[in-house]
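# Residue-level structure breakdown
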Amino acid sequence: MFAQLRQFIRQIQAGEKLDLPYIMQGANPGAPLAAKVDWAASLVEWIRSPGDQKSPTVRVRFILQLLERQPEWKSRSALVLRSLLRDTRHVRLYTEVGLPSQPTFTSEFRRRLFNVFVPHYEDPENLVGVQEKIFYQIDDATWVANLPEDLLKDVVQWLRTGLPPGEELVPGWRAQVLDAMRILSARSLAIAYREDVALRAPEFATANHPLSQLHDRLGVLRGQVLAGHRCTAEFENLRQDLAESRRFLQAVRSHLEQFGVSVDLVFQMDRIRNDLVRLSRLMTLLETDLSGREVLPVAHGLWFELLRGQERDSDFNAILRKNFGILSRKIVERTGHTGEHYITHNRKEYYHMLILAGGGGALTAVTAFLKYLFPTESWPLFFEFLFQAANYSLSFLLMHFVGFKLATKQPSMTAAALAGRLKDDDSDNDREFVDEIARISRSQFAAVLGNILFVIPVAYAINAVYIATTQHNFLSAPKAFYFLGSIHPLFSATILFASLTGLLLWLSSMIAGWVENASVYGRLPDILRTHPLMVWIFGEKRTARIAESYIENISGVVSSISLGVLLAATPVFGKFFGIPLNAHHVTLSTGAATYSMSALGWSNVPWETYLWTGLGIMIIALLNFGVSFMMALMIALRARDLSPQRVKAIFRQAGRRLLRSPGEFFLPKSK
């Protein structure tokens, strides 16, 4: 959308479209450089002609045929176009177009966003400004790439009109290419010497760093090329340095995979990679020319890359997708690592999960009791939020440290773990992957079953104790009727609220993954382990255990607190804006439904109420789990760049397995 907005602004700047004879008559070699740029823009606008059925290739051929009949137009237009190449500086075109030019991610993002809405000044004496003024359409790179080689040769001959046979079309272009290569290598070397980068590739010493060697060789190459040497051996050495530099990048990336990642560090690594790719393109262009081979195909490919890079420069969404993709993957991996603990593999683990989930259900009955114990509806919104957030968060934290399981926290984490088992280039593990889906389904069913089977009797027992103590039910009849009506599957917003809760469950897992990644990236466990005050207070061994416990528990603690805060904030947020908003959590809703049934009297409740309440709780469960699982799985698969077609095929296979053998998706295997 933003690229189209920028294109629209450019079209307004371009002005009216002119006829070709009028354009050719207006070619003035003596005009100022800015006027020549405007003339060239009018000519390319005629070639482009989006409303015409003729392709740009056909129109370029027509221009060449016309110029053969009009020698004066041909000579004057060639002088104008040559001056655009001769009287402008090329270095910025090679070192900035299509490459992040700002030192940080935020400044680069801000620059791209600013350029969408505010047309920046195009310096007519710089080839960057010339290209941006002339080639501003989104699909310019496409039609330029489709120009055939024979037509490009004819265009070059047109540009050479009036030149002696031995004279170069652009004198001094090799020096500008060499300067650009040196700038690219220096920029990459400066990033490689940053402390946060160097620490992640300690095997590459500063003294003989491949990027340092590359930069030094380019300095030597510049002198030899300008002296007229072919430099065959030097180019071979440069290729080896480029290969070593790519190995350095791979070493840094492998460290990121192991020790956490940040958006800025990913951005810096992307800058080095893109600079090396551009440097390699320029080196190929230079080597092809010095070896006497045909340079036009290489120059054509470089021109296409520069035009495509110009498109990317105007798309700030691209930089978000690229840099946050790796961060998303690392967060997903951290979340998936936690999710491994929720997957059962045999009958013993299945029943163990059932017992732990039972403990979670019993504790949730207490949480639901505390939720309705005090009339928080009449409290100020802040204190209502504070009480409910503390109630939920402390309950979830207690579950975490005791080892109890809450079924709704599992889907987003197990989905991330599931995506981690799937490789896009490996179709041999499809059966094992479907087996993993079945294991996750069994584990999830055990957790749900344990939560519900224990929350109901514990809530019933709490209500009985409350009656014995106070001589009346925990909930009043109006409150009981209100709650049962609020989870009715047809006459309430149960579907919306349950889906929203699934989104909150997923969001809490992502927050936990982000905090764990940030902790690992910031080396907080190492900081804790070596902090002098910690060592002085607790001693070295106990401090080491604290640091180890921190990284083991940080994800669970953060997910518990964030989920509690999100569940408590949702209805308070709705009240603040006058919106009837709520969060329907299956285990909490089951506990509240038990208190409501007890208040109305189990024998006095019509069977229709039991039916609709049970159906409402089933819908809440499905949406809590389904939305959370699918959101986590979608983000995990996208972060890993896995093929959607392959994923769909595997899940169709899992669906066929479910129809053929449904029991293995719900109950443990005998062996």
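The structure reproduced in this document is the subject of the present report. Predicted, not measured: the structure shown is a model, and the values here were computed from it.

## Quick notes on the nonpolar core
Core analysis: the biggest nonpolar cluster contains 83 residues, and Trp-39, Leu-43, Ile-63, Ile-134, Met-181 and Phe-248 have the highest contact counts within it. Ranked by size, the runner-up nonpolar core spans 46 residues in total, among them Phe-474, Ile-487, Leu-505 and Ala-621.

## Let's talk about helix H15 (residues 263-290)
Under the 1.5 Å per step criterion, the end-to-end length of H15 is 41 Å for 28 residues, consistent within 8% with the ideal 40 Å. In terms of burial, H15 is a largely internal element, 23 of the 28 residues being buried. Among the residues trailing H15, Gly-292 stands out with phi positive, at a value near 85°.

## Quick word on the environment of Phe-483
Among the structural elements, Phe-483 can be located in helix H22 (residues 477-486). The sequence separation of Phe-483 and Ala-592 amounts to 109 residues, and the corresponding C-alpha distance is 7.6 Å. Sequence-distant contacts of Phe-483, defined by excluding residues within four places in its chain, comprise Tyr-372, Ser-589, Ala-592, Ala-593 and Ser-596.

## Topic: the side chain of Glu-305
Along the chain, Glu-305 turns up in helix H16 (residues 296-313). The contact partners of Glu-305, leaving out residues within four places of it in the chain, are Arg-278 and Arg-281.

## Side note on the packing of aromatic side chains
Scanning all chains against the criterion turns up 21 aromatic pairs. Centroid distance Phe-374 to Phe-387: 5.5 Å. Interplanar angle 90°. Geometry classified as edge-to-face. Linking Phe-374 in the loop between helix H18 (347-373) and helix H19 (381-402) with Phe-387 in helix H19, this pair joins segments that are 13 residues apart in sequence. Residue classification places Phe-374 among the partly exposed positions, given a relative accessible area of 37%. A network of ring pairs unites the aromatic residues Phe-369, Tyr-466, Phe-474 and Tyr-595 as a single cluster. The cationic tip of Arg-48 hangs over the ring face of Tyr-136; the distance from NZ or CZ to the ring centre is 4.8 Å. For the cation-ring pair, Arg-59 lies above Trp-46, with the distance from its terminal atom to the ring centre recorded as 4.2 Å.

About the cut-offs
- Residues numbered from 1 in each chain as written.
- Predicted model: local features only at pLDDT ≥ 70, side-chain atom pairs only at ≥ 80, totals over all residues.
- Heavy atoms only, no water.
- Core = buried A, V, L, I, M, F, W, Y, C linked by side-chain atoms within 4.5 Å.
- Buried < 20%, exposed > 50% of the residue type's maximum accessible area, 1.4 Å probe, protein only.
- Helix = DSSP H or I, 4+ residues; strand = E, 2+ residues; numbered from the N terminus.
- Expected span 1.5 Å × (residues − 1).
- Contact = heavy atoms within 4.5 Å.
- Phe/Tyr/Trp six-rings, centres within 6.5 Å; stacked < 30°, edge-to-face > 60°.
- Lys NZ or Arg CZ within 6 Å of the ring centre and 35° of its normal.

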